[in-house]
Each structure stands twice: as structure tokens, then as C-alpha cells.
Amino acid sequence: MAARIPAVPPVEAAAGRPPPKPAPFTRRKIRSAAWQTALALALVAAGYFAHLNITRNLAASGVAIDFGFLTREAGFDVSEQLVAYTPKDSYARVLFVGLLNTLLLAATTLLLATSVGLAVGVASTSRNWLVRNLARIYIELLRNLPKLLILLALYIAMVRGLPLVRAAWTLPGGALLANRGLYLPWPEMPVGAGLTAVVVGVWIAATSVWARMVKRHQDATGVRRPLALPSVLGLTAAIGLALATGLVELHWSMPALTGFNITGGAHLTVQFTALWVSLSIYHASQIAEIVRGGIVSVDKGQREAAAALGLRPGRVLRLIVLPQAIRVIVPPLGNQYLNLIKNTSIALAVGYSDLVGVMNTAVNQTFRPVELMLVVMLVFLAINLSTAAALNWFAAWSRPPGKTR
Amino acid sequence: MTDAAASPPSSTTASAPRPWRPRHVVAREWARANLFDGPVNTALTLVTVAFLTWFVPIALRWLIVDAVGFHGDVATCRTAGGACWAFLRVKGDVILTGTYPFDERWRAQVAALVTLVTVGVALFWRGGFLGLAALFLGACLIDLVFLSGGVFGLEPIDATRWNGLPLVLFLSVFTMAAALPVGVALALARKSDALVIRLVAIGWIEAIRGIPMVAVLFAGVFILPLLMPPGLHLSSMISIFVVLTIFHAAYFAEDVRSGLDDFDKGQIEAAHSLGLGRWRTMRLVVLPQALRTALPALTNSIIGGYKDTSLVAIVGLFDLMATSRLATADVEWQAYSLEANIVVGVFYLVTCVAVSERFRRLARIAGADGDGRS
């Protein structure tokens with residue numbers, strides 16, 4: 001537990017003379033080495049003891065640590081799956097299904113939570129008294145409630161309060177909501193999916209090239225050319241052309257009641273919808289607070305200076321405030337994203353088959369907690385590391401050139 | 001009137017006295033500056049007002065006007081269009097203490113009260129660290145005596161029946177109290193020169209922070225008992241207590257480390273030149289300042305940890321949400337889970353706001369700035 005404190009205050013070397021070399025064997029170093037050796041030995045001993053206990057305890061229930069069971073038939077069903085799965089498939093397969101469910105929930109929640117959080121965060125700094133205070137109430141209320149409470153309240157309300165499929169509510173846009181879940185209209189593209197991907201790729205490349213040209217032109221002459229308008233117009237024109245010539249066919253699959261069931265569209269189960277919405281509004285409150293902190297951190301003088309230079313309010317926000325706020329926002333936002341991904345594991349409370357939920361069922365069936373916990377830990381470690389790497393990359397990218405931090 | 005929008009409305013009490021104006025004029029100017037400042041703001045105001053005029057009457061009607069009061073009965077609840085607060089009179093005990101034996105409920109209630117009072121005293125504590133530690137240890141022992149019994153003629157009660165509020169408070173308060181010193185030690189270990197010590201600290205902190213709390217709780221239920229020598233039975237209450245302490249310690253360690261990172265090394269040199277040894281420098285100079293800097297981050301972790309203690313419901317312990325479900329499992333009262341959720345939510349809201357406000361004030365007194373949560 002030694003802190004990094006020099007035992008002897010460093011003395012500035014006298015001019016001309018080389019600083020004295022630290023002695024190889026001071027008393028402190030020897031003591032530290034002894035402590036470390038003792039700790040290492042204790043750890044090894046504890047590890048050995050733990051291993052011994054685990055093997056003896058497992059042997060008492062007739063199992064040994066062995067990952068071979070992963071290829072055996074799982075025999076249990078899951079609430080929903082993104083890839084084909086039947087109970088006859090292996091444990092490895094069902095864990096993969098759980099992982100995909102976790103990733104789907106995390107990705108969709110990330111999107112919704114970020115959009116709502118950004119909107120509420122900006123609203124909480126609004127000049128409008130009503131909007132500002134409503135946003136504050138939202139933030140304070142949601143931040144001080146347990147996420148499990150929000151989830152369960154919403155889930156029970158949905159299961160009890162929503163109508164049967166026969167009498168499903170029709171939402172604006174043609175979505176249907178019933179006690180079996182949410183049915184969304186879904187675009188289908190029977191012809192030209194590949195072409196669409198190419199068009200979108202070209203559009204992204206063209207927009208980034210144009211953004212660079214705009215910036216160079218602005219740096220050289222001080223005149224800012226429009227960026228968003230030509231980009232959006234270009235994409236609209238390309239899509240319109242593709243649809244008009246019939247190279248791409250797009251139509252919406254609308255959910256509709258046929259017999260006793262709803263067919264068409266995309267079906268989100270009640271469990272998924274409750275998780276998605278409750279985790280999103282919970283994390284949106286945290287993200288809103290981060291966004292608010294970032295916006296507040298930008299010096300008021302910056303806005304005033306921008307306004308004095310004749311920039312309109314929208315541009316002040318977009319060109320002056322947000323670029324500076326984003327540097328304050330990104331590090332805590334990254335933490336929040338990591339929390340969000342981990343928090344998807346409360347899915348178990350409503351029976352959505354995420355990775356941890358599948359693991360729980362598998363442990364109860366096979367009594368192989370050590371192997372399964374290891375798998376889950378490694379998977380989460382991998383998810384965390386890749387998310388953190390992506391966030392670091394984004395933080396480096398959002399930094400202005402020439403600033404290291 | 002023309003300068004109304006330009007001057008901030010709240011500064012009317014400032015040094016330069018404004019001429020007296022009728023109240024409706026002031027109100028109109030305030031509204032113009034805060035609600036109808038430009039077309040975008042006016043539109044926002046109108047949309048918000050429309051939403052509020054739709055939502056507030058519905059909420060009020062459900063909560064108060066059409067609701068059945070505390071002394072109503074289930075028959076009136078059936079026909080009423082609003083909330084059924086009579087549910088709380090009948091099922092309040094179940095929500096508070098769950099399956100704790102009915103005649104011994106007072107013991108669970110006393111335990112919950114002791115924990116609450118302990119937190120209250122700790123938040124206004126002016127004594128030293130050892131006294132605080134003694135306070136928490138004493139309160140923990142008193143709680144255990146009341147909850148488990150078996151001494152002083154109290155009937156012994158199994159840990160699986162410690163439910164609801166006493167359980168949530170016991171687990172959250174005492175695991176975090178135990179985790180704080182461990183977290184400080186971990187933070188120091190992470191900054192240690194000694195490689196082995198540093199690696200152990202990094203391994204602990206990063207492994208725990210990398211996996212979800214639900215998985216940590218499962219590790220407590222599944223793995224921890226396997227680590228014990230054969231024949232030694234570990235109840236899930238003890239397992240959960242241990243893993244929660246390990247869990248919170250990792251998060252506290254990162255908060256304390258943020259305080260240590262900001263610490264000025266010159267102060268350590270100054271302390272050494274005054275003749276203070278390593279441990280006294282640590283205790284008297286480094287830690288007080290580092291903890292002060294870390295206070296906002298610690299507040300965050302403490303509030304988060306308190307809220308997340310509810311996740312023990314997932315591994316089969318009965319927190320307030322599980323007892324709420326127990327209360328609505330009764331067919332007669334099945335329809336009133338929202339009422340239970342609202343009461344539990346209000347409890348969390350009040351306690352979280354109280355604790356975080358107190359911590360924010362402490363941080364202000366201590367001179368550390370920051371809004372408290374990042």
C-alpha cells in the first residue's frame with residue numbers, strides 16, 4: 001500500500017556536478033521488495049486454495065471444470081432471437097444468441113438515449129423558462145430513481161394497461177401497440193439494396209470531401225459556403241432519381257391485424273420495448289446532465305463575442321458553443337455509454353434473453369458457474385475495450401488540431 | 001417597456017433603484033423575456049403549455065380527485081377511476097418488511113430506523129474517522145441483533161426473511177461504509193511504486209468495473225460459495241454483502257484516484273521537509289485534500305450504488321420492488337402496482353436528493369467545486 005512518495009525529497013543537482021546516482025539497495029527498496037514477494041506468495045497461496053476448494057466442491061456435485069459442455073444441446077428456449085435458434089442447438093449457440101440480444105438492446109438504447117439526452121440537455125439551458133424548468137424536472141426525477149423501478153413500473157403498466165392484439169392501438173405513422181408488443185412499419189427493398197449501399201457510401205465520401213473544401217475555403221477567404229443544404233439536396237436527388245427510374249424499389253411493410261395475429265412490419269416484444277424505453281429515458285437524464293454541464297462550461301464571453309461578430313443564434317450554437325462543449329462532454333459521455341451497455345443486464349428482471357439471462361439459465365441447468373461466468377466476463381471485457389477504443393478515437397478526433405488535451 | 005427584454009428580470013433589486021411599476025407590467029415584461037422571446041421561444045411555450053394542459057389535469061385527477069383515500073376499501077377502489085391509496089394501508093407492511101414474521105415486524109422497522117438515523121448522523125459528523133467507523137460498526141451490529149435475533153431473548157429469524165426497506169438500507173449503507181476504506185487503499189495501491197501491489201489493484205478495479213453489477217451479484221451467488229472450504233455454508237446474504245463491498249470498493253477507488261491525480265506533489269515534499277513521515281503525510285496532508293477533490297465523484301458513486309442495490313432483487317433477495325410485487329400478488333389488490341411503485345419511487349427520490357444535496361453542500365464548504373455529478 002506504499003504510495004508514490006519519495007522517501008528523500010529530491011534535491012536539485014548542484015551546477016556542474018552530475019546528480020548522485022540512487023543507491024541500488026536502500027532500506028526502503030529492500031523492504032518494498034519483501035512486501036511484494038510476501039503479497040505475491042499470499043496471492044499464489046490463495047489462488048491455490050481457491051482452486052483446491054472449487055475442484056473439491058465441484059467434485060462433490062460430480063462435475064469438473066470443462067468447457068466441453070458448450071457443444072452440447074442446450075434444450076431451453078429464449079424469448080427472442082436475431083439468428084436462427086431452436087432448443088436443439090448447443091450452449092455456445094444460445095450464448096451467442098444472448099450476446100446478439102444484448103448488443104441489439106445496447107445499440108438501440110444508445111441511439112434513443114443520446115437523442116433524448118441531447119434534446120433535454122439543450123432544453124435545460126434554454127432561455128424559455130417553461131422549457132428549461134420542465135427539462136430540469138425531468139433530469140432530477142429520472143436521475144434519482146433506480147433503473148429497475150422505472151423498468152418494472154413501465155413493464156407492468158404495459159402488460160396490464162395495453163389492449164389485446166384484437167384491439168391494438170394505432171399510433172401515428174401506422175405503428176400498432178398491443179400487450180404483445182410494438183409493431184413498427186418497416187422498409188423493404190426487394191430491388192436495388194446493393195445500389196443503395198453504394199449511393200450512401202458515395203454520399204458520405206462526397207459530403208466529407210465537400211466539408212473539407214468548405215473549411216479550406218473558409219480558412220483562406222473567411223467566407224463560409226453552405227454545407228448541410230447541398231449535402232441533403234444531393235442525397236434527396238439521388239434517392240428520388242433511383243426510385244423514379246425503378247433501379248431501387250422501396251415499400252413499407254405495414255403491420256396489420258390478420259385473424260388473431262398481427263403480421264407485417266417489425267415486431268418488438270413487450271419485454272424489449274419496456275427495456276428499450278426505460279433504459280433510454282433513464283440514461284437520457286444522465287446524458288442530459290452531461291450535455292448541460294458541457295454547454296454551461298463554455299464561457300459566456302464566447303457567445304457574446306460571436307453575437308458581436310454578427311453570427312445568428314443557431315450558428316453561435318453550432319459553430320462556437322457545441323464544438324467547445326463537445327470536448328467537455330465526450331469523456332463523461334463515454335463512461336455513461338459503458339454504464340449503459342452494462343446496465344442492459346437488468347433485462348433478466350423482465351425475462352428478455354440477454355447474455356446474462358441466458359447465462360443464468362445455463363448455470364441452473366448445467367451447474368457450471370465457473371466456465372459460464374468466465375465466458376460472460378470475457379465477452380463484457382471485449383465489449384468494454386472496443387467501446388473504450390472507439391470513444392478514445394472519437395475524443396482524439398474531436399480535439400482541435402495542435403491541442404493534446 | 002422597450003428595455004424590458006434587454007435587462008435581466010431578476011436584477012431589479014440591484015443597486016440602481018428602478019422606478020416603481022405596477023405588478024402586471026413587471027409580470028408582462030418577465031413573460032416577454034422568458035416565454036415569448038422570439039418566434040421559436042413562443043412556439044416552444046405554446047407547445048409546452050398545450051402539453052401541460054393535457055397532462056396535468058389527467059395526473060391530478062388520477063392522483064387526487066378520482067382517487068380512493070387512505071381509509072377507503074377495496075370495493076370502492078374497484079369502481080374508482082383513480083389511484084387506490086387504501087392499498088397502502090392494507091399492504092404497507094408487506095412493502096416495508098415483506099415476509100418478515102408479522103409479530104416481529106417492529107424489529108425490522110427498528111433496524112431500518114437505526115440505519116436511517118446512522119446515515120443522518122454520519123452526514124453531519126464532525127468527529128474523526130475512527131469515531132465514524134465505530135458509528136457504522138455499532139449500527140451494523142445493532143441492526144444484525146434486531147434482524148436476526150437469537151440473543152437477548154429475541155426469536156431467531158432466517159436471513160431469507162429480511163425483506164424490503166431494512167434489507168435495502170442494511171445492504172446499501174453498510175457495504176458502502178465498508179467499501180470506502182477499501183477503495184481508498186485500492187486507489188493508493190494503484191499509484192504505488194511496487195509492481196505487484198499495483199497489478200493487484202489494477203486487476204481488481206478493472207475486472208469489477210468491466211462487468212455489470214448483475215453479473216457481479218451472480219458471481220456472489222454462484223462462485224463465492226465454491227471458493228469456501230467444503231462444509232462451510234455461505235448464506236446468500238453474506239455472499240451478496242461481500243461482493244457488493246468488493247464492487248463498490250472498485251468504483252470508490254477510481255473516484256479517489258481522480259482526487260489523487262490532481263494532487264500537487266510539492267505539498268508532499270513540503271510535508272517531508274517539515275519532518276512528517278510517510279504515513280502521517282498520507283493521513284494528514286494527502287488524503288484529506290484528495291478526498292475533498294474526489295467528493296463530487298464519490299457522491300455520484302454513492303447515489304448510484306444506493307439505487308443499484310435494488311438489483312439484488314434479480315438474484316432473489318427481496319428489495320422494495322420485490323416486496324411491492326409480493327404486495328400485488330394478492331389477487332384482490334393485483335391492479336395497484338403503480339401505487340406501490342410511486343411510493344417506492346418517492347422514497348428513493350427524497351433520500352437521493354437529500355443525500356446528494358448534503359454532499360454538494362459539504363463539497364462547497366470544503367471548497368471543492370463542480371456540480372456534483374459528471
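How each quantity is defined
- Residues numbered from 1 in each chain as written.
- Chains lettered and ligands numbered in written order.
- Predicted model: local features only at pLDDT ≥ 70, side-chain atom pairs only at ≥ 80, totals over all residues.
- Helix = DSSP H or I, 4+ residues; strand = E, 2+ residues; numbered from the N terminus.
- Rg over C-alpha atoms; globule rule 2.2 N^0.38 Å.
- Contact = placed C-beta atoms within 7 Å.
- Buried ≥ 20, exposed ≤ 12 C-beta atoms within 10 Å, placed from the backbone.
- Pairing = 2+ DSSP bridges.
- Axes fitted to C-alpha atoms, helices over the stretch in contact; angles between N-to-C directions.
- Parallel < 35°, antiparallel > 145°, perpendicular 65-115°, else oblique.
- Left-handed = near helix turned anticlockwise from the far one by under 90°.
- Nonpolar A, V, L, I, M, F, W, Y, C, P; charged D, E, K, R; others polar.
- Core = buried A, V, L, I, M, F, W, Y, C linked by C-beta atoms within 7 Å.
- Domains from an automatic or database assignment.
- pLDDT = per-residue confidence, 0-100.

Draft legend 1. Local environment of the overall build of chain B. When its secondary structure is counted, chain B shows 15 helices and zero strands. Expected size for 374 residues packed as a compact globule is a radius of gyration near 21 Å; at 27 Å, chain B overshoots this value by more than 25%. Expressed as a percentage of contacts within chain B between residues at least 6 apart in sequence, the contacts between residues at least 24 apart total 63%.

Draft legend 2. Local environment of the overall build of chain A. Tallying secondary structure elements over chain A gives 11 helices and eight strands in all. For chain A, the C-alpha radius of gyration of 29 Å lies well beyond 22 Å, the compact-globule estimate for 405 residues. The principal-axis extents of the C-alpha atoms in chain A amount to approximately 80 × 70 × 45 Å. Looking at chain A residue by residue over its 405 residues, the buried ones come to 28%. Residue pairs in contact within chain A that sit at least 24 positions apart in sequence constitute 66% of those at least 6 positions apart.

Draft legend 3. Spatial organisation of the sheet that holds strand S3 (residues 181-184) of chain A. All names here are of chain A. Taken in spatial order, the four strands of this open sheet run S1-S2-S3-S8, and their pairing is antiparallel. On the outer flanks of this sheet lie strand S1 (169-170) and strand S8 (266-269), each paired with one strand and no other. Here S3 runs beside S8; their pairing, made up of four bridges, is antiparallel. Counterpart to Leu 184 in the pairing with S8 is Ala 266.

Draft legend 4. Structural context of the packing of helix H12 (residues 265-273) of chain B against helix H13 (residues 278-308) of chain B. Residue and element names in this part refer to chain B. Packing of H12 against H13 leaves a shortest axis separation of 10 Å and a crossing angle of 135°. Taken together, the axes of H12 and H13 are oblique relative to one another. As for the relative orientation of H12 and H13, their crossing is right-handed in sense. Along the contact surface, H12 presents Gln 267, Ile 268, Ala 271 and His 272, while H13 presents Thr 281, Val 285 and Val 286. Class assignment of the residues belonging to the contact of H12 with H13 gives a composition of four nonpolar, three polar and no charged.

Draft legend 5. A look at the nonpolar core. By size, the foremost hydrophobic cluster in this structure holds 171 residues, and its most contacted members are A:Leu151, A:Leu275, A:Val376, B:Val214 and B:Leu217. Of the residues forming this core, the biggest block, 18 residues, is contributed by helix H7 (residues 164-190) of chain B. Domain assignment of the residues forming this core places at least three in each of domain 1 (9-79) and domain 2 (90-366) of chain B. Those residues in contact with B:Val214, other than ones at most four positions away along the chain, are A:Ser345, A:Ile346, A:Leu348, A:Val356, B:Leu311 and B:Ile314.

Draft legend 6. Layout of the confidence of the model for chain A. Residues and elements named next belong to chain A. Model confidence for chain A is summarised by a mean pLDDT of 83, while 92% of its residues fall at 70 or above. Averaged pLDDT values over the elements of chain A bottom out at 77 in strand S4 (residues 186-191) and peak at 92 in helix H7 (residues 270-297). Scored below 50 in pLDDT, residues 9-14 makes five contacts in the model with residues more than four places away or belonging to other chains.

Draft legend 7. Structural context of the environment of B:Leu116. Residues and elements named next belong to chain B. With respect to the helices and strands, the residue Leu 116 is situated in helix H5 (residues 105-123). Residue classification places Leu 116 among the partly exposed positions, given that 15 C-beta atoms sit within 10 Å. Distance in space between the C-alpha atoms of Leu 116 and Ala 139 is 9.9 Å, their sequence separation being 23 residues.

Draft legend 8. Seen up close, the domain arrangement of chain B. For chain B, the assigned domains read domain 1 (9-79) and domain 2 (90-366). On a C-alpha basis, the centroid separation for the pair domain 1 of chain B and domain 2 of chain B is 39 Å.

Draft legend 9. Highlighting helix H9 (residues 213-222) of chain B. Judged by how many residues are buried, H9(B) sits mostly within the fold: 10 of 10 residues are covered. Every buried residue of H9(B) is accounted for by B:Met213, B:Val214, B:Ala215, B:Val216, B:Leu217, B:Phe218, B:Ala219, B:Gly220, B:Val221 and B:Phe222.

Draft legend 10. How the structure looks around the interface of chain B and chain A. Chain B puts 58 residues into the contact, and the matching count from chain A is 55 residues. For the side of chain B that touches chain A, the secondary structure elements donating two or more residues are helix H2 (38-65), H7, helix H8 (195-210), H9, helix H10 (224-227), H12, H13 and helix H15 (337-366) of chain B. Tallied by class, the residues present in the side of chain B that touches chain A amount to 35 nonpolar, 14 polar and nine charged.

Draft legend 11. Fine view of the confidence of the model for chain B. All names here are of chain B. Here chain B averages 83 in pLDDT, and 93% of its residues register 70 or above. Averaged pLDDT values over the elements of chain B bottom out at 78 in helix H3 (residues 74-79) and peak at 92 in H7. Scored below 50 in pLDDT, residues 1-13 shows 10 contacts in the model against residues more than four places distant or in partner chains. Below pLDDT 50 for its whole length, residues 368-374 participates in 21 contacts with residues either more than four positions away or in separate chains. Predicted as a complex, the structure gets a pTM of 0.83 and an ipTM equal to 0.84.

Draft legend 12. Inspection of the pairing of S3(A) at higher detail. Residue and element names in this part refer to chain A. Strand direction decides the pairing type here: strand S2 (residues 176-178) and S3, joined by three bridges, are antiparallel. Bridge pairing in S3 links Leu 176 to Tyr 183. Counting the residues in the hairpin turn of S2 and S3 gives two residues.

Draft legend 13. How the structure looks around the packing of helix H2 (residues 91-123) of chain A against helix H9 (residues 313-343) of chain A. Residues and elements named next belong to chain A. Here H2 crosses H9 at 135°, and the two axes come no closer than 9 Å. In terms of axis orientation, H2 runs oblique to H9. Crossing of H2 against H9: the hand is right-handed. Every residue of H9 that contacts H2 at Ala 106, Thr 109, Leu 110 and Ala 113 is listed here: Tyr 337, Leu 340 and Ile 341. Counted by class, the contact of H2 with H9 contains six nonpolar, one polar and no charged residues.

Draft legend 14. Expanded view of the environment of A:Pro87. Residue and element names in this part refer to chain A. By the element assignment, Pro 87 lies in the loop between helix H1 (27-60) and H2. A residue is classified by how many C-beta atoms lie within 10 Å of it, and Pro 87, with 11 of them, is exposed. Through-space distance from the C-alpha of Pro 87 to that of Pro 172 is 38 Å; in sequence the pair is 85 residues apart. Discounting residues that sit within four places of it in the chain, Pro 87 has contacts with Ala 74, Gly 75, Phe 76 and Asp 77.

Draft legend 15. Structural context of unusual backbone geometry. Residues and elements named next belong to chain A. Even without being glycine, Phe 367 reaches a positive phi, approximately 50°. Among the structural elements, Phe 367 can be located in the loop between helix H10 (355-366) and helix H11 (369-398). Residue class for Phe 367 comes out partly exposed when judged on the 15 C-beta atoms lying within 10 Å of it.

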